[in-house]
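Understanding the architecture of this molecule
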Amino acid sequence: RHVHQRLLDSVNWFGDAATDPEPTASIVKYVSAIERAVFGSWQQGRTKDFASRLEALWEAYDCDGQETVGAEAREIYEARSRLLHGAVSPRDAGVDRLAVLSEKISRLTILCVLQLYPMMIRVFGDPDPEQLEEVMTRMRREGLDWLAKKANYSIGKRA
């Protein structure tokens, strides 16, 4: 299934990042792991979408008790872009902290999609990139209850 391949690709990016001795390369790979999991297709202006999709996903699964993922996601996405485009040196003092933050966000995002994808499979059969885009867009607007109901799942926040 398409989402199975996405999950495997995302975990592969994560594994490559975790074993790379270069923190700057790890940041790029962790962000790539997240992108592969939550984007069905490439479009301009992904920085804002990147953060808002993670906010919606983490809220749906109650991953972000402090509600900091949006700001942290923007920070790592911008750091990745600055690193790739040469605006920041790979020897910058904050790179190690950003690598640790990128690992945390990537790991928790993968854990969230491990819960999301089975619902999508139940509703769509073999969800394609457009259906992933639809789910992520609707989750930002409406939360996850609509998909859970369609999949006959019961969803609730932990106490």
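Presented here is a report on the structure given in the accompanying data block.

Moving on: the environment of L54. Following the sequence through the fold, L54 ends up in helix α3 (residues 46-60). Using a relative accessible area of 0% as the deciding quantity, one classes L54 as buried. Those residues within four positions of L54 in sequence are excluded, and the remaining contacts are I34, V38, V69, A73, I105 and T109.

Describing two packed helices takes the angle between their axes plus the distance from one axis to the other. Two elements in contact, helix α2 (residues 23-38) and α3, have axes separated by 11 Å at closest approach and are oriented at 70°. Put simply, α2 runs roughly perpendicular to α3. For the crossing formed where α2 meets α3, the hand is left-handed. Across from V31, I34, E35 and V38 in α2, the residues of α3 making contact are F50, R53, L54 and L57. Residue classes in the contact of α2 with α3 are distributed as six nonpolar, no polar and two charged.

Rules used throughout
Residues numbered from 1 in each chain as written. Predicted model: local features only at pLDDT ≥ 70, side-chain atom pairs only at ≥ 80, totals over all residues. Heavy atoms only, no water. Helix = DSSP H or I, 4+ residues; strand = E, 2+ residues; numbered from the N terminus. Buried < 20%, exposed > 50% of the residue type's maximum accessible area, 1.4 Å probe, protein only. Contact = heavy atoms within 4.5 Å. Axes fitted to C-alpha atoms, helices over the stretch in contact; angles between N-to-C directions. Parallel < 35°, antiparallel > 145°, perpendicular 65-115°, else oblique. Left-handed = near helix turned anticlockwise from the far one by under 90°. Nonpolar A, V, L, I, M, F, W, Y, C, P; charged D, E, K, R; others polar.

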